[in-house]
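What follows is each chain in one-letter form.
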Amino acid sequence: MTKKELFMANVRGEYTDHTPIWIMRQAGRYLPEYREFKKNYSFEQLCRTPRAAAEVTAQPIEILDLDAAIIFSDILLILEPLGINLRFDPGPIISPHLEKPEQIASYSAFDPADKLQFVGDAIAETRKRLGDDIPILGFCGAPFTVFCYLCGTRGARDFFKTIRFLSNHPAEGKKVLSILTDLSIKYLKMQISAGADAVQIFDTWAGELSADEFSEWSLPYLGKILSALAKENAITSLYIKGLHQFLDIIPSLNLDIVSVDWKVPMSVASHSLSPMTLQGNLNPLTLLGPEELVVNKTRQLLDEMKRYNGYIFNLGHGILPETPVSNVKTLVKTVHEYKRNRDA
Ligand code: CP3
């Protein structure tokens, strides 16, 4: 079985003897080869130069033997063609923040197939580089999460800025969420036509919301994107950091894969979300511990999921730059060597 066949079998909810693994933020600063390559580029240049983006996208596959490639890009690049300044240092710096409703009049509509074509080109370059046997994942941010950054939310301390805008200017807030939704649909379709085998939507900030707020400010927009993609038979995945309060809402979405954060036990996620394919959910901080801990926690998770149809190993959030590469190698080896047996 190729890596792509193994991945796709799990997407379809088939039982496989082995488990595919990829890692959120797998191309990044924890890898010396990435740090070396990045000496010649800013993060934005790297994203905008298809050959360079393909190079760093391929690194974790070629160096660490991971089973899927996620295209090197960022969820916030969609803001630039709207007329917003964006740079990374290394966290995102956005200006101007959305603070007054009048500002939204300046958010010019654009066609992602035009302004963000470099992402499609990077996907096509990656395909040439890695061939047909490796699944390539595209992605975008959920409208709500991108909106959070637009409002100047960078961490939990300034999350209030997002809610303050939405509470005081609900009509304008929803207008921006709709603009981002329509752009995301076109953007993901463009990535799929460029060769992405599946696309993941990152709703990193949704976990800060109550179920009611999620139903108002995120769910309808996610629903619209996912329905539009389902019409094209695209394979879709959703990551929410803080999934637990929405476990009963998620099955209403037209979705193939749910990417689970580390706080939800996989047994609980399995119970609520079956028969959706599940992805997750090793705590990224586990990879800062000793090798033995990595092996034990990884096996424990594989044991927990050994009867589940449709399982892809991942972390519960992005890998930290401080992670020793040796632990990532141990993780991948442990997953690859584990033979599933539902009767054992
Ligand atoms: O997963 C991958 O390997 C693919 C590439 C990818 C990046 N960002 C590259 C990146 C993906 C899928 C993202 C998604 C993303 N970006 C999210 C959603 C997932 C999540 O982590 O919650 C969010 C919220 C962003 C916004 C963003 N971009 C932040 C908060 C930061 C700073 C965090 C950090 O690690 O420093 C970035 C910068 C960024 N995006 C880097 C990378 C590799 C680091 C910049 C660098 O290497 O110089």
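As a reminder, the structure under discussion sits directly above these lines.
About the cut-offs
- By convention here, each chain's residues receive numbers from 1 onward along its written sequence.
- Thresholds applied to this predicted model are a pLDDT of at least 70 for local features of residues and 80 or more for the giving and counting of side-chain atom pairs; totals over whole chains, interfaces and linings are not thresholded and use all residues.
- To get the side-chain values, all heavy atoms of the structure are used, and hydrogens and water are removed first.
- The secondary structure listing takes helices from DSSP runs of H or I that are at least 4 residues long and strands from runs of E that are at least 2 residues long, numbered from the N terminus.
- Between the two quantities, the radius of gyration covers C-alpha atoms and the globule rule is 2.2 Å times the number of residues to the power 0.38.
- For the exposure calls, accessible area comes from a 1.4 Å probe over protein chains only, and a residue counts as buried if that area is under 20% of its type's maximum, exposed if over 50%, partly exposed in between.
- Strands qualify as paired when DSSP identifies two bridges or more between them.
- What makes two residues a contact is simply this: any of their non-hydrogen atoms within 4.5 Å.
- Helix axes use the C-alpha atoms of the stretch in contact, all axes being lines fitted to C-alpha atoms, and the angles between their N-to-C directions lie in the range 0 to 180 degrees.
- Counted as salt bridges are all cases of a side-chain nitrogen of Lys or Arg within 4 Å of a carboxyl oxygen of Asp or Glu.
- Note on definitions. A residue lies near a molecule or strand when any single heavy atom of the residue is within 4 Å of it.
- Pairs of N or O atoms within 3.5 Å make up the polar contacts considered here, provided that, within protein, one atom can donate a hydrogen while the other can accept it, and that residues adjacent in sequence are counted only when both atoms are side-chain atoms.
- We get accessible surface area from the Shrake-Rupley algorithm with a probe of 1.4 Å; when it comes to residues, only the shown protein chains can shield them.
- Note on terminology: angles under 35 degrees are roughly parallel, angles over 145 are roughly antiparallel, angles of 65 to 115 are roughly perpendicular, and the others are oblique.
- In this scheme, a crossing is called left-handed if the near helix is turned counterclockwise away from the far one by less than a right angle; it is called right-handed if the turn is clockwise.
- Note that Gly is not counted as nonpolar here; it falls among the polar residues with everything else outside the nonpolar set of Ala, Val, Leu, Ile, Met, Phe, Trp, Tyr, Cys and Pro and the charged set of Asp, Glu, Lys and Arg.
- In these notes, a set of buried Ala, Val, Leu, Ile, Met, Phe, Trp, Tyr and Cys residues joined through side-chain atoms within 4.5 Å is what counts as a nonpolar core.
- Between 30 and 60 degrees the pair is tilted, below 30 it is stacked and above 60 it is edge-to-face, where a pair is any two Phe, Tyr or Trp rings, Trp via its six-membered ring, whose centres lie within 6.5 Å.
- Between the first and last residue of a helix there are one fewer steps than residues, each counted as 1.5 Å, and that sum is the expected span.

(A) Molecular detail of the overall build of the protein. Counting secondary structure elements, the protein contains 14 helices and 9 strands. Relative to its length of 344 residues, the protein is compact, with a C-alpha radius of gyration of 19 Å against a globular reference of 20 Å. Taken along its principal axes, the extent of the C-alpha atoms in the protein is 60 × 45 × 40 Å. Taken across its 344 residues, the protein has 57% of its residues classed as buried.

(B) Seen up close, the sheet that holds strand β7 (residues 257–259). Judged by pairing direction, the sheet is parallel, and its 7 strands sit side by side in the order β1-β4-β5-β6-β7-β8-β9 without closing on themselves. Each of the sheet's edge strands pairs with one partner strand only, and the pair in question is β1 (69–70) and β9 (311–315). Bridge count for β1 against strand β4 (residues 136–141) is 2 bridges, and the pairing is parallel. Each residue of the ladder has a partner; that of A69, found in β4, is I136. Here helix α12 (residues 266–273) sits on the sheet in contact with β7, β8 (277–282) and β9, set at roughly 165 degrees to β8.

(C) Spatial organisation of the environment of N254. Note that N254 resides in the loop between β6 (236–240) and β7. Here N254 falls in the partly exposed class, since its relative accessible area comes to 45%. Dropping the residues within four chain positions of it, N254 is found in contact with L226, A230 and T236.

(D) The pattern of salt bridges, seen in detail. Evaluation of the coordinates by the stated rule reveals 16 salt bridges. Measuring nitrogen to oxygen at the nearest pair gives 2.6 Å for the salt bridge that ties R129 to E62. In this pair, R129 sits in helix α6 (residues 117–130) while E62 sits in helix α4 (residues 50–64), placing the two residues 67 residues apart along the sequence. For E62, a relative accessible area of 44% puts it in the partly exposed group. Each of K3, D65 and D67 takes part in one network of salt bridges that share partners.

(E) Geometry of the site of the ligand. Surveying the vicinity of the ligand reveals 24 residues, the closest of which are R25, R29, Y34, D74 and H317. Between the ligand and D74, the relevant distance is 2.7 Å, taken from a nitrogen atom to a side-chain nitrogen or oxygen of the residue. Considering the ligand on its own, with 870 Å² of exposed area, one finds that the protein chains cover 89% of that surface.

(F) Local environment of the pairing of strand β2 (residues 85–88). Alternating positions in β2 separate cleanly, L86 and F88 being buried on one face and N85 and R87 remaining unburied on the opposite face. Where β2 meets strand β3 (residues 92–95), 4 bridges bridge the pair, whose relative direction is antiparallel. Counted as the bridge partner of F88 is P92 from β3. Two successive antiparallel strands, β2 and β3, enclose a turn made up of 3 residues.

(G) Representation of the packing of helix α7 (residues 143–150) against helix α9 (residues 170–193). As a packed pair, α7 and α9 sit with axes 9 Å apart at the nearest point and diverge in direction by 120 degrees. Classified by the angle between their axes, α7 and α9 sit oblique to one another. Of the two possible hands of crossing, α7 and α9 adopt the one that is right-handed. Across the interface between the two elements, P143, F144, V146, F147 and L150 of α7 pack against G173, V176, L177, L180 and T181 of α9. For the contact of α7 with α9, the class distribution of residues is 8 nonpolar, 2 polar and no charged.

(H) Local environment of the nonpolar core. If you look at the biggest cluster of nonpolar residues, it comprises 127 residues, and the most contacted ones within it are I250 and L331. Here this core gets 9 residues from one element, more than from any other, and that element is α9. Contact partners of L331, with chain neighbours within four places excluded, come to I21, I23, L282, L287, V294, T298, F313 and L315.

(I) Quick peek at the packing of aromatic side chains. Per the stated rule, a full pass over the model turns up 12 aromatic pairs. Ring centres of F144 and F159 lie 6.4 Å apart, and the angle between their planes is 70 degrees; this geometry places the pair in the edge-to-face category. Separated by 15 residues along the polypeptide, F144 in helix α7 and F159 in the loop between α7 and α8 (160–168) bring together distant segments of the chain. For the pair formed by F144 and F159, the shared burial category is buried. An aromatic cluster is defined as three or more aromatic residues linked by ring pairs; in this entry it consists of Y34, F43, F72 and F88.

(J) Examining α9 more closely. Here α9 contains 24 residues, and its C-alpha end-to-end distance of 35 Å stays within 8% of the 34 Å for a straight helix at 1.5 Å per residue. Phi turns positive one or two residues past the end of α9, at G195, with a value near 125 degrees.

(K) Region of the structure containing unusual backbone geometry. In this model, S274 is joined to P275 through a cis peptide bond whose omega is 5 degrees. Relative to the assigned elements, P275 resides in the loop between α12 and β8. Look at the link from G280 to N281: it is a cis peptide, with omega at -20 degrees. In this structure, N281 sits in strand β8. Notably, R25 is not glycine yet its phi reads approximately 65 degrees, a positive angle. Positive phi is not limited to glycine here, since D65 has a value of about 65 degrees.

Purely geometric numbers; function is a separate question.
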